[in-house]
Amino acid sequence: MAIVGLDEVTLTTEDLAAGRRFLADYGLIEARADDKELIFWASDRTGVRVRHCEDADLPPAPVSGPTIRLARWGVSDRAALERIAKELGRDRPVQVTGDLLISADDDGNAIGFQVTQRTELKNEPAKANVPGAPPQRVVNTTIDFDAPIVPATLSHLVYYTQDVARLERFYVERLGFRATDRFTNMGSFMRTDGNPEHHQLFLVQRAPFKGLHHIAFHLLDMNQVMLAGKRFADKGYRTAWGPGRHIYGANVFWYFNSPFGGNIEYDADMDVVDDHWVPRETISGPNTSNSWNFGYPPPPRH
Ligand SMILES: [Fe+2]
C-alpha cells in the first residue's frame, strides 16, 4: 500500500481564536487563519486543520464537542490510492473529492488518503560532547538555548476505541499496517507499511471514551522537547503527562492539554523497526508505559 504516514489531521474546537493562539504558541507555522478554518504546518508541511465543532461540512463526529474529524494519510503514489479505494470499496462508501479519497475505519472514524504532500526534511543531529569521543561541539562554542523550535513533522495519532483487537485487525488486514507492540487488552501500537518509525497510530481501549486521545509532533531531539515544553508551560499551558520517556517506541514525550478534545504531545527520538521486529506485549501501567517521568502525574507517595 505504501502509506508513508499522517499528512494532516482535522480537529475541532469551540474557540477558533484560542485554537489559533495555542497552535502558534506550540510552535507550528500558520498557513491559514480565517473565520472558518485554521491550517498550521510543521517544517515538512504535515500539520493540523482546525474547524469549529459545529461546522456542518465535516465528516460526522465520534463524540460531541471538540475531537478529531478526519485523519489524512499520505501515500506514495496514485497506484497506492487506487488500491486503497478498491480495497475499502468492497464493504464501505469511498468518496473521492479532488485528490482526496475519504472513507471510514471500523469505528466510524473518517479516514482520508492522498498522495503525500509532505516535503523532504534535511536535518543534522545536534552536536554532543561525549567522554571518550572527540567533541562534536567544538571548543569555544555552546548551545543556543533561545533558538526558535518548530515541530519537524506530524508523528502519530491516537484514537480511543471500544474494541482494540477489532480496530487493529482493520488497519492490518485492510490497510497493511503492522502492529509493533501491545498493551494487553488495552492498546495497540501500529506503523504503516511505508514508515519505519515504531508507531504512527496507537489505539487505546478505555470505555466509554471515543475519538481523539492525542496527536504528537516530532521535534529533533530530547533537548528540543525539554526546551519547547518548558516554553509552552511557561506560557500557561497545562501539562497532561511528562516530561518523560516511553518504553514502547522509546520516544521522549511531553503532553499538554489542548482545546481540541484531546492532548497534544512533543516527542523525539522514536525507535525505527522493520518487518523482522517481533511485537512485545505487557500490561499497561506506570512502570511499563514510561521508563521515567519527571513531571506530571507525580509518582505515588509511599
Ligand atoms: Fe504519543
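Residues numbered from 1 in each chain as written. Predicted model: local features only at pLDDT ≥ 70, side-chain atom pairs only at ≥ 80, totals over all residues. Heavy atoms only, no water.

**Q** Sorry if this is basic, but what is going on with helix 4 (residues 222–234) here?
**A** Every α-helix carries 3.6 residues per turn, so stepping three or four residues along brings you back to the same face. Here helix 4 is 13 residues long and its end C-alpha atoms lie 18 Å apart, about the 18 Å a rise of 1.5 Å per residue gives. Those residues of helix 4 that fall on the buried side of the exposure criterion are Q224, V225, L227, A228, G229 and F232. Where helix 4 is buried, its residues contact helix 1 (16–26), strand 15 (252–257) and strand 16 (263–268). Capping of helix 4 at its N-terminal end is provided by D221; its side-chain oxygen lies 3.3 Å from the backbone amide nitrogen of N223. Within two residues after helix 4, G236 carries a phi angle of roughly 105°, on the positive side. (Helix = DSSP H or I, 4+ residues; strand = E, 2+ residues; numbered from the N terminus. Expected span 1.5 Å × (residues − 1). Buried < 20%, exposed > 50% of the residue type's maximum accessible area, 1.4 Å probe, protein only. Contact = heavy atoms within 4.5 Å. Polar contact = N/O pair within 3.5 Å; in protein donor to acceptor, adjacent residues only side chain to side chain.)

**Q** Sorry, what's going on with the coordination of the iron ion here?
**A** Six octahedral donors around a metal ideally sit at 90 or 180 degrees from one another, while four tetrahedral donors ideally sit at 109.5 degrees. Distances from the iron ion to its protein donors, H156 (NE2), H214 (NE2) and E265 (OE), fall within 2.0 to 2.1 Å. Sequence positions of the residues that donate to the iron ion give the spacing H-x57-H-x50-E. On the criterion of sequence distance, the pair formed by H214 in strand 13 (residues 211–218) and E265 in strand 16 is long-range, its members being 51 residues apart. Since its relative accessible area comes to 4%, H214 is described here as buried. (Donors = N, O, S within 2.8 Å, 3.2 Å for Na, K, Ca; no water.)

**Q** Is there a simple way to think about the sheet that holds strand 15 in this case?
**A** Paired through their backbone hydrogen bonds, the strands of a sheet run either parallel or antiparallel. Judged by pairing direction, the sheet is mixed, and its 10 strands sit side by side in the order 17-10-11-12-9-13-16-15-14-18 without closing on themselves. The sheet is open, and its two borders are formed by strand 17 (280–282) and strand 18 (292–296), each paired with just one other strand. Direction aside, the axes of adjacent strands within the sheet are offset by 20° on average. Bridge analysis of strand 14 (residues 239–245) against strand 18 gives 3 bridges, and the strand direction is antiparallel. Bridge pairing links G242 to Y296 in strand 18. Sheet strands touched by helix 1: strand 13, strand 15 and strand 16. Its angle to strand 16, the strand with the most contacts, is close to 10°. Packing against the sheet, helix 4 makes contact with strand 14, strand 15, strand 16 and strand 18, and its axis sits at approximately 20° to strand 15. (Pairing = 2+ DSSP bridges. Axes fitted to C-alpha atoms, helices over the stretch in contact; angles between N-to-C directions.)

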